[in-house]
Amino acid sequence: MEKDDKKPGNTDRKLVTVAIHSYEKAVILKSILESEGIPAVIHGVSIIQPSAPGNVRVRINESDLPKALTIIEQVDFTSTVESLDDLDKVKFKNEVLIPIDFSDYTMKTCEFGFNLAFDTGCDVKLMHSFYTPYYPMAIPFGDSFAVQATDKNLYKDIKTKTQSEMDALLMDIKARIASKEFPDIPFTHVLTEGLPEEEIITYSKKHRPRAIVMGTRGSNAKDLDLIGSVTAEVIDGCRTPIFAIPENSKDQDISQMKNILFLTNFREREFKAFDVMMNFIRPYPIKIHLTHMSKKGDVWDEIKLSGTKKYLEEQYPDLDIDYKVIDRDKELEAVLEDFVQEHKIDMITMSSSRRGLFARIFNPGIARRMLFHSDTPLLVIKGL
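What counts and how
- Residues numbered from 1 in each chain as written.
- Predicted model: local features only at pLDDT ≥ 70, side-chain atom pairs only at ≥ 80, totals over all residues.
- Heavy atoms only, no water.
- Helix = DSSP H or I, 4+ residues; strand = E, 2+ residues; numbered from the N terminus.
- Buried < 20%, exposed > 50% of the residue type's maximum accessible area, 1.4 Å probe, protein only.
- Contact = heavy atoms within 4.5 Å.
- Pairing = 2+ DSSP bridges.
- Axes fitted to C-alpha atoms, helices over the stretch in contact; angles between N-to-C directions.
- Polar contact = N/O pair within 3.5 Å; in protein donor to acceptor, adjacent residues only side chain to side chain.
- Expected span 1.5 Å × (residues − 1).
- Phe/Tyr/Trp six-rings, centres within 6.5 Å; stacked < 30°, edge-to-face > 60°.
- Patch = residues over 30% accessible without salt bridge, like charges linked within 9 Å, V, L, I, M, F, W, Y side chains within 5 Å.
- Areas by Shrake-Rupley, 256 points an atom, 1.4 Å probe, with all protein chains shown as cover.
- Salt bridge = Lys/Arg side-chain N within 4 Å of Asp/Glu carboxyl O.
- pLDDT = per-residue confidence, 0-100.

Participant: Describe the overall build of the chain, naming the residues involved and giving the relevant values.
Facilitator: Counting its secondary structure elements, the chain contains 11 helices and 14 strands. Residues classed as buried in the chain amount to 50% of the 384 residues present. The contacts of the chain with a sequence gap of at least 6 include a subset with a gap of at least 24, amounting to 78%.

Here's what the structure looks like:
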């Protein structure tokens, strides 16, 4: 641990370096410390190129050191993706997180999220993250940087505009609650500075919301659609169940759904994922279509799917469940879309995996076609 000598003009505090990480991990640690009331800065970052690799120091006031060390001991950077296998050990907060971007379809995302929160007895947390060229977190106490006044003014302008947009959104939501368009449930909001996907993942790991509801542009998406890309990164980076709501999805919530498609690859963790899904939909008479995609004529897959159906019927005796092996004779998204149209599917659910089906969907090549292709809501339950 390094100590920084007091510098001229800074005689009332002494800084110490409590950790040395990559830039990404340093930002996460800084956010965690500050959420616990400990001011922190990161040092060793180029303002022009903040994501450049290198050893980045996290510094705090020496007086905060005892409390900070206790917090740091609980931060595990050994894996950026957490496991579904120990999901039952995690105590989730009764909160639905709704990241927003003030786009035209933000209100659709909010509508789904508020209804989901009402159905599950949760509060709502609205979250917006903004990024500016002037990045204060990269400037350490006591060091001098030649930051142009125009950059500072740009930062202030962006922050003021963001707060104004948030205030307008909050007024709109309150009006919709008053008119009974939205359920009357408690909600709060938070503004953060940083990359949206990093801020959302950090918040999820720290506060453990019960679900995250995010928007996508669905079949209207552009190749570099920002919010769709952020949604994909969040899905890949945290274990909180995520509802991805396309811009052109039906105006409905879970209580209005009739048919849900659950994709399976016959893995044990999928039973846990199925139970997580049931916790969201259990009050409603929704039919579950249990499906597996396979090459045509694979009898063994048909037998395994039938056995999975029987097991789930024993666990959920009141559940209306059907099963079908889908012939993988076309591209993945085309096969799913045909099934969705034929069976009037209202939502697709899957347990994601780096090594399984979802990894093939969300890799950088074919990637995001699945997320952007359909106008059907998607529920992703994370696992390894």
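Participant: So what's going on with the sheet that holds strand 12 (residues 320-327)? Residues and values would help.
Facilitator: Spatially, 7-6-5-8-9-14-13-10-11-12 is the arrangement adopted by the 10 strands of the open sheet, whose pairing is mixed. Each of the sheet's edge strands pairs with one partner strand only, and the pair in question is strand 7 (187-193) and strand 12. Mean inter-strand twist for the sheet, computed between neighbouring axes without regard to direction, equals 25°. Of the pairings in the sheet, the one linking strand 9 (residues 242-246) to strand 14 (residues 378-382) comprises three bridges and is antiparallel in character. Its bridge partner being in strand 14, Ala244 is matched across the sheet by Leu378. With respect to the sheet, helix 7 (residues 269-281) is in contact with strand 8 (209-216), strand 9, strand 10 (259-263), strand 11 (287-294), strand 12, strand 13 (347-352) and strand 14, its orientation differing from that of strand 10 by roughly 160°.

Participant: Please set out the environment of Lys174 residue by residue, giving values where relevant.
Facilitator: Note that Lys174 resides in helix 4 (residues 149-178). Given a relative accessible area of 52%, Lys174 falls into the exposed group.

Participant: Summarise the side chain of Thr264; cite the residues concerned and give the values.
Facilitator: With respect to the helices and strands, the residue Thr264 is situated in the loop between strand 10 and helix 7. Within the structure, the side chain of Thr264 is placed 3.0 Å from the backbone nitrogen of Phe266, a separation counted as a polar contact. Once residues within four sequence positions are removed from consideration, Thr264 is found in contact with Glu270, Leu290, Thr291, His292 and Leu305.

Participant: Describe helix 7, and please don't skip the residues or the numbers.
Facilitator: For helix 7, with 13 residues, the first-to-last C-alpha span of 19 Å sits near the 18 Å given by 1.5 Å per residue. Of all the positions in helix 7, only Arg269, Glu270, Ala273, Phe274, Val276, Met277, Met278, Phe280 and Ile281 are classed as buried.

Participant: Break down the packing of aromatic side chains for me, with residues and values.
Facilitator: Inspection of the entire model under this criterion finds seven aromatic pairs. Where Phe114 meets Phe187, the ring centres are 5.5 Å apart and the plane angle is 65°; that geometry is what we call edge-to-face. Note that Phe114 is positioned in helix 3 (residues 106-120) and Phe187 in strand 7, a separation of 73 residues in sequence. Exposure remark for Phe114: the relative accessible area of 0% places this residue in the buried category. On the numbers, 5.0 Å between centres and 70° between planes, the contact of Phe262 with Phe274 is edge-to-face.

Participant: Explain a nonpolar patch on the surface to me, and be specific about the residues and the numbers.
Facilitator: Together, Val299, Trp300 and Ile303 line one region of the surface with nonpolar side chains, adding up to about 340 Å² of accessible area. Mapped onto the fold, Trp300 is located in helix 8 (residues 299-315).

Participant: Requested: an account of unusual backbone geometry, with residues and values cited.
Facilitator: Even without being a glycine, Phe102 presents a positive backbone phi close to 65°. Inspection of the secondary structure assignment puts Phe102 in the loop between strand 5 (93-99) and helix 3. Despite not being glycine, Arg208 shows a phi value in the positive range, around 55°. Structurally, Arg208 is set in the loop between helix 5 (196-207) and strand 8.

Participant: Please provide a residue-by-residue account of the confidence of the model for the chain, values included.
Facilitator: Taken residue by residue, the chain gives an average pLDDT of 76. The fraction at 70 or more is 71%. In the model, residues 218-227 has pLDDT below 50 throughout and makes 23 contacts with residues more than four positions away in sequence or in other chains.

Participant: Kindly report on the pattern of salt bridges, identifying the contributing residues and their values.
Facilitator: Scanning all chains against the criterion turns up nine salt bridges. Among the ionic pairs, Arg176 bridges to Glu181, the shortest N-O distance being 3.5 Å. For Arg176, a relative accessible area of 23% translates into the label partly exposed. Residue classification places Glu181 among the partly exposed positions, given a relative accessible area of 47%. Here Lys250 makes a salt bridge to Asp346, at a shortest N to O gap of 3.5 Å. With Lys250 in the loop between strand 9 and strand 10 and Asp346 in the loop between helix 9 (332-343) and strand 13, this pair connects stretches of sequence that are 96 residues apart.

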